[in-house]
Amino acid sequence: DIIRGLLSAVVVFLDGGLVALSAVALLLTVLSGGIKVALVSRGESRLSLRLGRVSRTRVREVFSFGIWSTIRSVTSMIPTRVTPLLVGALLGVSLVAPLSIAARLIATASAILVAASGVITPIATAMHANEERDRQRQLLVAGGKYSLSAATVLLALFVLLGKPLIHLWVGPEMALAYPLLVFMALGRCVSMSQVVTRGVITAQAKHRALAIASLVQAFATLAIALSLIETWGVIGVVIAMAVGDAVCEGLFGLAYGCRLLGTSAFRYTADIVGATVAALAVPCTLLA
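The written sequence of each chain sets the order in which its residues are numbered from 1. With the structure being a predicted model, the display of local features is reserved for residues of pLDDT at least 70 and the display and counting of side-chain atom pairs for 80 or more, all residues being used for whole-chain, interface and lining totals. As a convention, hydrogens and water are excluded, and side-chain values are obtained from all of the structure's heavy atoms.

K.L.:
Go over helix α10 (residues 234–261), please, and point to the residues and values.
P.N.:
Secondary structure elements follow DSSP: runs of H or I no shorter than four residues count as helices, runs of E no shorter than two count as strands, and numbering proceeds from the N terminus. Expected span of a helix, by definition, is 1.5 Å for each gap between consecutive residues, and there is one gap fewer than residues. Here α10 spans 39 Å end to end across 28 residues, near enough to the 40 Å set by a 1.5 Å rise per residue. A residue's bend is given by the angle between axes fitted to the 7 residues ending at it and the 7 residues starting at it. Its axis deflected by about 30 degrees at Gly 253, α10 carries its strongest bend there. A positive phi of about 70 degrees marks Gly 262, the residue just after α10.

Structure follows, in structure tokens:
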């Protein structure tokens, strides 16, 4: 990422154009992939790439896992990719910019939390393979506390400091981006509080339900947005996105993860919310 940023800056300053930027991205993507292959080969010498190892059983096994991951990845992008087109077509192109600014800030915060929790899935996979149900439940609760705490901190930052941040970044003329940011952050806070839960579900290869929930979220978000856009404008669109995010990604993941591990959703919620309030009450009050 650092090299990509430096080379991209060099290309821009030298007026290299979009083709040169694309070439930099392609080169570094190939290089990064090659390094990953080398690291895997070094870390596990028994792995080898042989055409003779390809079989219908292995293809079916990989496909049965990967197809639901693909569906989830694609459908989860639909709300954020389609709603700007919806706003531009029905409300005017001028409102796309503040919506894009809010969405970019939310996406950046989400990427940080997803990257930080990425190690959870392989750990949970090992626990599932060893049938360590108690440790999986402990991981679920501990991960919920940390992820909800991180999501709450980001929510507090956006609510309390979002307006000056937007003014410094793009100027006061984009003030509309602030209320959009607040509504989106509320929904994403619920969703990101369950990022560890979704990792635990994926570790058990039970993520088909998550893919279906993402599909439902995509269509429900667009339907709600269309019903609210005439009355509430772009605010209605963002509310639809926040509701879909909170319900389909957050609350459904919570309920399904707890059921999968045989634990009480009510007790789990009380544990993680109580810990978060106790840990963040004073810092958030000082920030306010």
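K.L.:
Outline the layout of surface pockets, supporting the account with residue identities and numerical values.
P.N.:
Approximately 1,100 Å³ is the volume found for the largest pocket. Of all elements in the fold, only α3 (56–90), α4 (96–116), α5 (120–129), α7 (177–192), α8 (195–203), α9 (208–232) and α10 reach the threshold of two or more residues within the lining of the largest pocket. Of the residues forming the lining of the largest pocket, the biggest block, 10 residues, is contributed by α3. Along the lines of polarity and charge, the residues of the lining of the largest pocket split into 17 nonpolar, 16 polar and seven charged. Buriedness for pockets is judged along seven lines, at least five of which must meet protein on both sides within 12 Å for an open set on the 1 Å grid over protein atoms alone, while cavities are sets there where a 1.4 Å probe fits but cannot get out, and lining residues have an atom within 4 Å of a point. Grid points are joined across faces, edges and corners, and a volume is the space filled by probe spheres set on the points. Amino acids are sorted into nonpolar (Ala, Val, Leu, Ile, Met, Phe, Trp, Tyr, Cys and Pro), charged (Asp, Glu, Lys and Arg) and polar (every other residue, Gly among them).

K.L.:
An account of the side chain of Thr 276 is requested, with residue identities and associated values reported.
P.N.:
One can find Thr 276 in helix α11 (residues 265–287). Residue classification places Thr 276 among the buried residues on the basis of a relative accessible area of 6%. Here Thr 276 is in contact with Lys 145, Leu 148, Ser 149, Thr 152 and Ala 281, once residues within four sequence places are set aside. Between buried and exposed lies partly exposed: a residue is buried under 20% and exposed over 50% of the maximum accessible area for its type, with that area taken using a 1.4 Å probe on protein chains only. Should any heavy atoms of two residues lie within 4.5 Å, those residues are counted as being in contact.

K.L.:
Pulling in residues and values, what's your account of empty space enclosed by the protein?
P.N.:
The gaps of empty space that remain are located by a probe, the size of a water molecule, rolled over the atoms. The tally for this structure, following the rule as stated, stands at one cavity of 30 Å³ or more. Volume-wise, the largest cavity comes out at about 100 Å³. Lining the largest cavity are Ile 106, Ala 109, Ser 110, Leu 113, Ala 151, Leu 154, Leu 155, Phe 158, Ala 185, Arg 188, Cys 189 and Met 192. When contributions to the lining of the largest cavity are tallied by element, the ones reaching two or more residues are α4, α6 (133–170) and α7. By residue class, the composition of the lining of the largest cavity is 10 nonpolar, one polar and one charged.

K.L.:
Could you give an account of a nonpolar patch on the surface, with specific residues and numbers?
P.N.:
Together, Val 153, Leu 157, Val 159, Leu 160, Leu 161 and Leu 287 make up a nonpolar patch on the protein surface, roughly 400 Å² of accessible area in all. Among the elements that line the nonpolar patch, the one with the most residues is α6, at five residues. Counting through the fold element by element, Leu 287 comes out in helix α11. Each patch is assembled from residues with relative accessible area greater than 30% and no salt bridge, linking like charges that lie within 9 Å and nonpolar side chains (Val, Leu, Ile, Met, Phe, Trp, Tyr) that lie within 5 Å. In this description, accessible areas are obtained by the Shrake-Rupley approach with a 1.4 Å probe, and a residue is regarded as covered only by the protein chains that are shown. Any carboxyl oxygen of Asp or Glu that lies within 4 Å of a side-chain nitrogen of Lys or Arg is treated as forming a salt bridge with it.

K.L.:
Tell me about the nonpolar core, residues and numbers included.
P.N.:
The nonpolar side chains of a soluble globular protein tend to be buried, and buried together. Take the buried residues of types Ala, Val, Leu, Ile, Met, Phe, Trp, Tyr and Cys, join any two whose side-chain atoms come within 4.5 Å, and each joined set is a nonpolar core. Residues Phe 158, Leu 181 and Val 200 are the most contacted members of the largest nonpolar core, which totals 44 residues. The leading source of residues in this core is α7, at nine residues. Aside from chain neighbours lying at most four places away, what touches Leu 181 is Ala 102, Leu 105, Ile 106, Phe 158, Gly 162 and Ile 166. Grouped together as the second largest cluster of nonpolar side chains are five residues, Ile 201, Ala 209, Leu 210 and Leu 260 included.

K.L.:
Let's hear about unusual backbone geometry: which residues, and what values?
P.N.:
Positive phi outside glycine occurs at Asp 15, with the angle close to 55 degrees. With respect to the helices and strands, Asp 15 occurs in the loop between α1 (2–13) and α2 (17–43). When its relative accessible area of 69% is taken as the criterion, Asp 15 is described as exposed. With phi around 55 degrees, Glu 131 is a residue other than glycine that occupies positive phi space. Within the secondary structure, Glu 131 sits in the loop between α5 and α6.

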